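# Structural features, examined
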Amino acid sequence: MKYWQEKYETMPREELRKLQGERLAWQVKRMYEKVELFRKRMDEAGLTPDDVKSVDDLKKLPFSYKQDLRDYYPYGLFAVPMSDIRRVHASSGTTGKQIVVGYTDNDLEMWADCFARMLIATGNDENAFVQVSYGLGLFTGGFGAHDGAVRIGATAIPISSGNTQRQIQTMIDFGATVLCCTPSYAMYLGETIEEMGVKDQLKLKVGIFGAEPWTEEMRQQIEEKLGLKAYDIYGLSEIMGPGVSYECEYQCGMHVCEDNFIPEIIDPDTGEVLPEGAQGELVFTTITKEGFPLIRYRTRDICSLNYEKCKCGRTHVRMNKPQGRTDDMLIIRGVNVFPSQIEEVLLKVGGGVTPNYQIIVDRVNNSDVFEVEVEMTEQLFSDGVKGIEKFEKIITENLRSTLGIGPKVKLVNPKSIQRSEGKAKRVIDKRKLK
Ligand code: DLL
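Residues numbered from 1 in each chain as written. Predicted model: local features only at pLDDT ≥ 70, side-chain atom pairs only at ≥ 80, totals over all residues. Heavy atoms only, no water.

Next up on the list: the packing of helix α5 (residues 105-121) against helix α6 (residues 140-151). The geometry of α5 relative to α6 is characterised by a closest axis approach of 7 Å and an angle of 75° between their N-to-C directions. For the element pair α5 / α6, the angle class is roughly perpendicular. For the pair formed by α5 and α6, the contact residues are E109, W111, A112, D113, F115, A116 and L119 on the first element and T140, G144, A145, D147, G148, A149 and R151 on the second. In the contact of α5 with α6, the residues fall into seven nonpolar, three polar and four charged. (Axes fitted to C-alpha atoms, helices over the stretch in contact; angles between N-to-C directions. Helix = DSSP H or I, 4+ residues; strand = E, 2+ residues; numbered from the N terminus. Parallel < 35°, antiparallel > 145°, perpendicular 65-115°, else oblique. Contact = heavy atoms within 4.5 Å. Nonpolar A, V, L, I, M, F, W, Y, C, P; charged D, E, K, R; others polar.)

Our next topic: the packing of aromatic side chains. Taken as a whole and assessed by the stated rule, the structure comprises seven aromatic pairs. Here F209 and W214 contribute two aromatic rings whose centre-to-centre distance is 6.0 Å and whose plane-to-plane angle is 80°, an arrangement assigned as edge-to-face. Judged by relative accessible area, which is 0%, F209 ranks as buried. On the basis of relative accessible area, W214 is assigned to the buried category, the value being 4%. Ring geometry for Y234 against F284: centres 6.3 Å apart, planes inclined by 35°, an arrangement best described as tilted. Note that Y234 is positioned in strand β7 (residues 229-236) and F284 in strand β11 (residues 280-286), a separation of 50 residues in sequence. With a relative accessible area of 0%, F284 lands in the buried category. An aromatic cluster is present here, built from Y75, F78 and F292 joined pairwise through their rings. For the cation-ring pair, R298 lies above F63, with the distance from its terminal atom to the ring centre recorded as 4.9 Å. (Phe/Tyr/Trp six-rings, centres within 6.5 Å; stacked < 30°, edge-to-face > 60°. Buried < 20%, exposed > 50% of the residue type's maximum accessible area, 1.4 Å probe, protein only. Lys NZ or Arg CZ within 6 Å of the ring centre and 35° of its normal.)

Turning next to the pattern of salt bridges. Counted according to the given criterion, the structure contains 33 salt bridges. Between R314 and E9 there is a salt bridge, with the nearest N and O atoms lying 2.9 Å from each other. In this pair, R314 sits in the loop between β13 (305-306) and β14 (318-319) while E9 sits in helix α1 (residues 3-9), placing the two residues 305 residues apart along the sequence. For D68, the salt bridge identified is with R41, shortest N-O distance 2.8 Å. On the criterion of sequence distance, the pair formed by D68 in helix α4 (residues 66-71) and R41 in helix α3 (residues 36-44) is long-range, its members being 27 residues apart. Owing to a relative accessible area of 6%, D68 belongs among the buried residues under this scheme. Given a relative accessible area of 22%, R41 falls into the partly exposed group. Each of R300, D301, R325 and D327 takes part in one network of salt bridges that share partners. (Salt bridge = Lys/Arg side-chain N within 4 Å of Asp/Glu carboxyl O.)

Take empty space enclosed by the protein next. Evaluated as defined, the whole model comprises two cavities of 30 Å³ or more. What the largest cavity holds in volume is close to 130 Å³. Around the largest cavity, the lining is made up of 13 residues, and of these M31, L37, F38, S64 and L294 lie nearest the centre. In terms of residue class, the lining of the largest cavity is built from 10 nonpolar, one polar and two charged. Volume-wise, the second largest cavity comes out at about 30 Å³. Forming the boundary of the second largest cavity are D68, L69, Y72, P74, L77, F78, V100 and F292. Taken together, the residues of the lining of the second largest cavity break down into seven nonpolar, no polar and one charged. (1 Å grid on protein atoms, 1.4 Å probe; cavity = no way out; pocket = protein on both sides within 12 Å on 5 of 7 lines; lining within 4 Å. Points joined across faces, edges and corners; volume = space filled by probe spheres on them.)

Pasting the structure below:
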């Protein structure tokens, strides 16, 4: 059952690099023949498929961008006839027209293998009951988790997201041991479990959470509320979906499935490949995908890579938790601010506040107005105005020392910020609406 894991995940790096080089050359050759945009960009750069023989040649190749998927919507970048596409998924992101991606039979097999690796790495086997509470639909989260669960021979519970109380009852009745959903939905489930007073009836052991940035502090809270061990999983529709990388039992970065995807870190402004360990924009090349392959795709996610061998024995490179996206980064009064930095501070302050928050940015009289609304706990709420004002001051000061600028902090009533069943929407940038 573990054939996919042992064959590739522990391959010595030299051997792996050789395999990647062969697969890259294969991919470039077929894409040159089948994908018009790629051929055009190669021609413009004066390159032919013969120029690509090893991974060292990757840096010569042209980048690809999300805009390409929009320009060639819906199927213009697919590299096989539509009769070979077995399934499509789509993503709308936070802004803009949706994008469509497609998978052949082999692509779906490969995806199921990648997700299955994570289930195995986090101690699951055919006895697991995997509750899939990522949305099942055009979003890749649900089907990715479902196929991974089936691949290891576990029992899948494909409930999708939403209907929170019934979701929890099902978790209890069906004996779910693994929960797959976004971290913000895990928090919401945890809160509702507390209200229902049913934590001791749960059988959950492992949580597989991803699709949005989340902090270590959030991980601790989720683990406490749900009584499980929480693992991070990363992916994006354009490259495959969940399982492009995943945490092993040591939780020291996410192993990229490097037999299928080559990651690079570049300077987002110059496009230069950055030295090992540096933080920058993550770029992926798919070297085995048939239906919708991409070369040097600019993810806009910001993180770094660590090539040191992991204690688990896997040789695949680890990426750290993406801090955010270049397009999520707010520039407020000239200072770069990531929502995840704010979350980290709020959860460290702890005590009277919850991790439910919203960032509101506006421009008044040519100056940026920066406000953070945070939900307080019932406890603080009942302490009255003085306690609340004191807490607002503490949070403002903590945010000022982390970010370099201090927002206006407003503590709002418990349960007043809308909960998310999928990816949380934390930022309202009114400047963009003007
Ligand atoms: O979110 C795929 C996915 C589903 C991943 C379920 C993990 C679990 P998209 O909707 O295309 O695909 O969004 C991809 O989400 O570029 C990141 O910015 C962000 N993202 C995904 N996983 C993580 C993570 C899915 N673990 C975009 N940490 C990516 C931080 C993440 N950000």
